[in-house]
Amino acid sequence: MEALVSAFAPIWALTAVGWLAGRTGLLGADAEAVLGRFVFHVSMPAALFTVVARTDLASFADRWVLAFAAGTLVASVLGLAAGLRAERSTAERTVAVMAAGYVNSGNLGIPVAAQVLGSASFAAPVLLFQVLLVTPVLLTVLDASTGTAPPGPAARLRRLAMLPLRNPVILGAGLGALFSAEGWHLPGPLAHSADLLGAAAVPTALVTLGLSLHTPPGTAAQRPDRGELGVAVLVKTVGQPLAALAVGALLLHLRGPQLRAAVLMSALPTAQNVYVYARLYGAAPVLARSAVLASTVLSMLTLSVIAWSLGGG
């Protein structure tokens with residue numbers, strides 16, 4: 001339990017800093033929008049590039065990643081079903097899918113893997129799976145459903161083909177995968193610059209999340225649909241790890257560390273990146289923000305129960 005508290009403490013501290021900054025007006029009225037754009041367009045692409053470029057793509061071959069992928073698929077389908085019932089737009093349904101199935105594999109996955117599973121390497125294939133496979137698909141849907149669709153199938157195909165160049169998150173991850181596959185390395189000064197930019201991604205995203213919690217005087221507080229939020233959080237913290245457990249134990253016959261890795265990584269809360277994407281695309285940001293906070297609180301309990309029951313802590 002102490003390991004989990006240590007992993008969660010920075011999340012709450014930096015989110016509180018953002019809330020205080022918003023309440024006092026320290027950063028100005030446009031701080032949330034400006035910091036959100038900085039994370040999406042500058043810092044997060046640098047972070048994804050450096051992480052993926054230094055990760056062996058062969059880590060995808062671990063069998064337990066299949067169980068994690070199955071859990072992600074089940075959670076995403078359930079999140080989509082919740083969005084359909086709420087009569088959301090396509091973009092908002094996409095955010096609902098991410099709220100239910102996109103785990104915090106970075107600033108929570110790494111410390112949980114290191115302290116509960118015994119090695120931070122367990123977080124690497126999860127990060128790769130989300131960055132290289134899940135994120136491009138979801139951002140493509142968000143881009144297509146919120147942008148101005150060009151006339152004609154040829155024009156739409158060109159727009160889709162140019163998405164990696166227009167979306168810095170996908171571009172950063174794709175370049176990182178290329179560098180990893182080819183064994184390339186940035187020159188020292190450039191690598192250090194990328195490290196510095198990337199290191200700002202997580203803390204800035206958390207401060208931005210905290211800023212979003214402050215409602216300026218005279219404005220009505222925005223609240224998510226309770227039913228939709230409840231489904232997203234329950235699926236994220238309970239449904240996804242149960243699906244990974246079922247597939248891992250019953251179909252793949254995983255045991256020991258591999259089964260623990262699949263279930264624990266699946267039980268991580270909704271990533272703060274989901275709020276960043278929702279905010280940038282203007283699609284259900286209140287749902288995304290609430291899902292991040294609620295699932296982070298609840299996962300303190302669910303991660304502890306899973307670690308204890310599977311012998312990982």
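Residues numbered from 1 in each chain as written. Predicted model: local features only at pLDDT ≥ 70, side-chain atom pairs only at ≥ 80, totals over all residues. Heavy atoms only, no water.

- Under an unreviewed UniProt entry, the name given to the protein chain is AEC family transporter, and the organism recorded is Kitasatospora cineracea.
- The UniProt entry for the protein chain carries this comment under Subcellular location (unreviewed entry): "Cell membrane".
- Regarding the protein chain, the relevant UniProt record gives this comment under Sequence similarities (unreviewed entry): "Belongs to the auxin efflux carrier (TC 2.A.69) family." (UniProt positions renumbered as here; feature names shortened; annotations may be inferred.)

### Focus on the environment of Thr204
Thinking step 1. Mapping Thr204 onto the fold places it in helix H11 (residues 201-212).
Thinking step 2. The spatial distance from the C-alpha of Thr204 to the C-alpha of Leu14 is 8.4 Å, given a sequence separation of 190 residues.
Thinking step 3. The contact partners of Thr204, leaving out residues within four places of it in the chain, are Leu35, Phe38 and Val39. (Helix = DSSP H or I, 4+ residues; strand = E, 2+ residues; numbered from the N terminus. Contact = heavy atoms within 4.5 Å.)

### Observations concerning the nonpolar core
Thinking step 1. Core analysis: the largest hydrophobic core is formed by 79 residues, its most contacted members being Trp64, Val95, Tyr102, Val112, Leu142, Met265 and Tyr277.
Thinking step 2. Considering every element that reaches this core, the biggest residue donor is helix H6 (residues 123-146), with 10 residues. (Core = buried A, V, L, I, M, F, W, Y, C linked by side-chain atoms within 4.5 Å. Buried < 20%, exposed > 50% of the residue type's maximum accessible area, 1.4 Å probe, protein only.)

### A look at unusual backbone geometry
Thinking step 1. The residue His253 is not glycine, and still its phi comes out positive at about 55°.
Thinking step 2. Secondary-structure assignment places His253 in the loop between helix H12 (226-251) and helix H13 (256-266).
Thinking step 3. A residue is classified by how much of its surface remains accessible, and His253, at 52% relative accessible area, is exposed.
Thinking step 4. Located in the positive-phi region is Ala284, a residue other than glycine, with phi close to 50°.
Thinking step 5. You can see Ala284 is positioned in the loop between helix H14 (272-281) and helix H15 (285-309).

### Quick look at the pattern of salt bridges
Where charged atoms from two side chains of opposite charge come close, those side chains can pair.
Thinking step 1. Enumeration over the complete set of coordinates arrives at four salt bridges.
Thinking step 2. A salt bridge links Asp195 to Arg54, with the nearest nitrogen and oxygen atoms 3.0 Å apart. With Asp195 in helix H10 (residues 188-199) and Arg54 in the loop between helix H2 (31-53) and helix H3 (64-85), the pair connects residues that are 141 residues apart, well separated along the chain.
Thinking step 3. Measuring nitrogen to oxygen at the nearest pair gives 3.5 Å for the salt bridge that ties Arg88 to Glu92.
Thinking step 4. Salt bridges sharing partners connect three or more residues here, namely Arg88, Glu92 and Glu228. (Salt bridge = Lys/Arg side-chain N within 4 Å of Asp/Glu carboxyl O.)

### Remarks on the packing of H12 against H13
Packed helices, taken two at a time, are described by their axes: the angle between them and the distance between them.
Thinking step 1. Packing of H12 against H13 brings their axes to within 7 Å, and their N-to-C directions diverge by 160°. With respect to H13, the axis of H12 lies roughly antiparallel. Helix-helix and strand crossings are classified by hand; for H12 and H13 the assignment is right-handed. Of the residues in H13, those in contact with Lys236, Gln240, Pro241, Ala244, Leu245, Gly248 and Ala249 of H12 are Leu259, Ala262, Val263 and Ser266. (Axes fitted to C-alpha atoms, helices over the stretch in contact; angles between N-to-C directions. Parallel < 35°, antiparallel > 145°, perpendicular 65-115°, else oblique. Left-handed = near helix turned anticlockwise from the far one by under 90°.)

### Thoughts on the side chain of Gln240
Thinking step 1. Note on placement: Gln240 falls in helix H12.
Thinking step 2. A relative accessible area of 0% places Gln240 in the buried class.
Thinking step 3. For Gln240, the side chain forms a polar contact with the side chain of Thr72, separated by 3.2 Å.
Thinking step 4. Beyond its immediate chain neighbours, meaning those up to four positions away, Gln240 contacts Phe68, Gly71, Thr72, Ala75, Ala100, Gly101, Val103, Val235 and Ser266. (Polar contact = N/O pair within 3.5 Å; in protein donor to acceptor, adjacent residues only side chain to side chain.)

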